[in-house]
Amino acid sequence: MASNDPLLQPYQLKHLTLKNRVMSTSHEPAYSEDGMPKERYRLYHAEKARGGMALTMTAGSAIVSRDSPAAFGNLHLYDDAIVPWLSELAEACHEHDCKVMIQITHLGRRTGWNKADWLPVLSASPVREPAHRAFPKAAEDWDIERIVKDYASAAQRCHAAGLDGIEFEAYGHLIDGFWSPATNHRDDEFGGSLDNRLRFTNMVLDAVRAAVGEKFVVGIRMVADEDFAAGLSKEEGVEIARRLAKSGKVDFLNIIRGSIETDAALTKVIPVTGMRSSPHLDFAGEVRAATKFPTFHAARIQDVATARHAIASGKLDMVGMTRAHIADPHIMRKVMEGREHEIRPCVGATYCLDRIYEGGEALCVHNAATGREATIPHVVGNSGGPEKHVVVVGAGPAGLEAARVAGERGYRVTMLEAASQAGGQIRLAAQNPRRKELIGIVDWRLSQLERLGVDIRYDAWAEKDDVLALEPDVVVVATGGIPQNPPLEAGDALVTSSWDILSGAVKPAENVLLYDDNGGHQGMGAAELIANAGSKLELVSPERFFAPEMGGLNHVPYMRVFHEKGVTVTINTRVRAIRREGNQLVAELRSDFAEGWKVQRFVDQVIVEHGTAPLDELYWALKPLSRNAGAVDYESLVGGGDIFPTRNPNGAFILYRIGDAVASRNIHAAIYDGIRFGLRV
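Under an unreviewed UniProt entry, the name given to the protein is N-methylproline demethylase, and the organism recorded is Mesorhizobium hungaricum. Heading Sequence similarities (unreviewed entry) of the UniProt record for the protein holds this comment: "In the N-terminal section; belongs to the NADH:flavin oxidoreductase/NADH oxidase family."

Written out as structure tokens, the structure reads:
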């Protein structure tokens, strides 16, 4: 039966019929190997195709020239070797009637010269991009000629691979580097008037059309307003969109607003948790109205209701839900099956992008299957084996995931939680009003456990006899950790933990020193709450830059508060001892770099953050009674086989511990433990 849902209506783009209105816009998950989209890359996109989306955009962005070295795992589209890999990827997605396009680019100044072949970085003019720090040379005539040819050759490779189209990146890269007055200071035929600034773009478009013909879909992801005084204005940006739409050289516009040359600017384009959702949707709708042309857009459109509104209101023709599909690649299948309530929510944590920009690969903070499709299924199936009774102790992220996986596998699950609510440290982090969306990680799992009939018992401090009375076949210890102090020579009893601040158990004093010897959200979150409470705050870190466990995008809102509230940040410094002197505390600060150097701070309160110590008494009590004595075969865990060796033949159950009950880590590690161990029970 035909659906009236706006998201499920097909869309005709040139000769392509897109089966619905939802896509994943191009982004680079950094899953490439030697610049090629091999198995991991293919499986990632094939999973989204299986999940029901109409169009997946690969790469963010594939590079067309050697002097555009990869900045974050970019595909090497200048190499003929990429064609068969792209062909395999396209075929895998086409099996599910999902169209496949790729974004192509010359990064211009958005990369580094000391990578790959050590060729000079170039741009329209020698204007440095703060984020990547390279000083570019101005593109010469011969540079422009060869790069135009490189674009055409790259497009031919995409066409030969059987892709459905390409998209140019004109958003902080070389093409729009010629558009913007901020980056184009030329006085030749490529600078000055808008006609001149568009000359390079038109040369590229003409060369590509000549290479691939009229039937191949060609679009452009373009900034239509850089949103800062010296940059490309809204008026000129929309005019560029109009001209491109009328040119007959492109088939769609994918609209972006803002600048990406600094972390602070980038978060306005790609907002993180606590920031406005879909901030540029209305603007994209204005461009569509002005051009009367196929318009795509994505920027924190994380829920189906907003996506549906974007299409129903005529703002967009195709709506991008990119981070949302990293959290749940099966969004559209669940919409089609009337299971919207089961969609795993994107909580805006932006762990995915922060990892990419810090040199890692994209991982979702609470979907450990994303990027690991070869070994972890997105849909956990029934084991088909005998029923087992799985007892999970602790309802933090690790325990909730372990219980969910056991339930999906058809096992009987009993969960024991000492607190009156589930969530563990996530519930603590969500006490920061700006990060309250994180509770979606907990709420989604609780809804799944209810569906699966898991027996959750709150206010149940589990001891050995309590667990044994349940006659378990498997015991999962997910009891988490408790705050621990950093190494101090004196004053352990005088400090307050970051947990006390985050939970509200202790109020910030007037003059506070926060010693963050962990470098993640825990200390920074406490600092944000202290600053917003009006306290005078100094944040001290032993690192050469503070909060190294957190990427640049999540760094931005913290730093904004620090500047607004006058927080002092001191790096390369350790707190070694604390003593009381009258009504104040005296913190002694020392240096790793200068022997004998020390200073003192007189404050009202010292807050410390040093991760957690495992809350593992139950584990040690149960270990001698278990069949595997708590052991896990790591080689088998990674390579396949039985992961629980028999070390005690008389043991009655399998025992293992996960998450912070093992060691202080993060949300993703806890959830990854929960699913990868649970699948092997």
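That was the structure; now back to the text.
Novice: Give a detailed account of the pattern of salt bridges, specifying residues and quantitative values.
Specialist: Under the definition given, this model contains 46 salt bridges. Three or more residues are tied together by salt bridges with common partners; here these are Asp67, Lys137, Glu140, Asp143 and Arg146.

Novice: Please provide a residue-by-residue account of empty space enclosed by the protein, values included.
Specialist: Applying the stated rule across the entire model yields five cavities of 30 Å³ or more. Each pocket or cavity is described by its volume, and for the largest cavity that value is around 490 Å³. Elements represented by at least two residues in the lining of the largest cavity include exactly α8 (263-269), α11 (322-327) and α13 (351-357). A breakdown of the residues in the lining of the largest cavity according to their chemical character gives 19 nonpolar, nine polar and six charged. Estimates place the volume of the second largest cavity at around 180 Å³. Residues that form the lining of the second largest cavity fall into these classes: seven nonpolar, nine polar and six charged.

Novice: With reference to specific residues and values, describe the domain arrangement of the protein.
Specialist: Entries for the protein in the domain assignment read domain 1 (6-359), domain 2 (389-482 + 614-679) and domain 3 (485-610). A straight line from the C-alpha centre of domain 1 to that of domain 2 covers 40 Å. Listed as interface residues are 11 residues of domain 1 and, on the opposing side, 13 residues of domain 2. Between domain 1 and domain 2 lies a buried interface of about 1000 Å² when both sides are counted; carbon and sulfur atoms form 50% of it. Of all residues in domain 1, Thr273, Arg344 and Val347 give up the largest surface area on contact with domain 2, accounting jointly for 49% of the area buried on that side. There are one salt bridge connecting domain 1 and domain 2. Where domain 1 packs against domain 2, one counts eight residue pairs in polar contact (both at pLDDT 80 or more).

Novice: So what's going on with the packing of helix α14 (residues 397-408) against helix α16 (residues 439-452)? Which residues, and what values?
Specialist: Closest axis-to-axis distance for the α14/α16 pair is 9 Å, and the angle between their directions is 30°. It follows that α14 is roughly parallel to α16 by the angle criterion. For the pair α14 and α16, the crossing hand works out as left-handed. Residues Leu400, Glu401, Ala403, Arg404, Gly407 and Glu408 of α14 form the contact with α16, whose own contacting residues are Val442, Trp444, Arg445, Leu446, Gln448, Leu449, Arg451 and Leu452.

Criteria and thresholds
Residues numbered from 1 in each chain as written. Predicted model: local features only at pLDDT ≥ 70, side-chain atom pairs only at ≥ 80, totals over all residues. Heavy atoms only, no water. UniProt positions renumbered as here; feature names shortened; annotations may be inferred. Salt bridge = Lys/Arg side-chain N within 4 Å of Asp/Glu carboxyl O. 1 Å grid on protein atoms, 1.4 Å probe; cavity = no way out; pocket = protein on both sides within 12 Å on 5 of 7 lines; lining within 4 Å. Points joined across faces, edges and corners; volume = space filled by probe spheres on them. Helix = DSSP H or I, 4+ residues; strand = E, 2+ residues; numbered from the N terminus. Nonpolar A, V, L, I, M, F, W, Y, C, P; charged D, E, K, R; others polar. Domains from an automatic or database assignment. Contact = heavy atoms within 4.5 Å. Buried area = accessible area lost by both parts, 1.4 Å probe. Polar contact = N/O pair within 3.5 Å; in protein donor to acceptor, adjacent residues only side chain to side chain. Axes fitted to C-alpha atoms, helices over the stretch in contact; angles between N-to-C directions. Parallel < 35°, antiparallel > 145°, perpendicular 65-115°, else oblique. Left-handed = near helix turned anticlockwise from the far one by under 90°.

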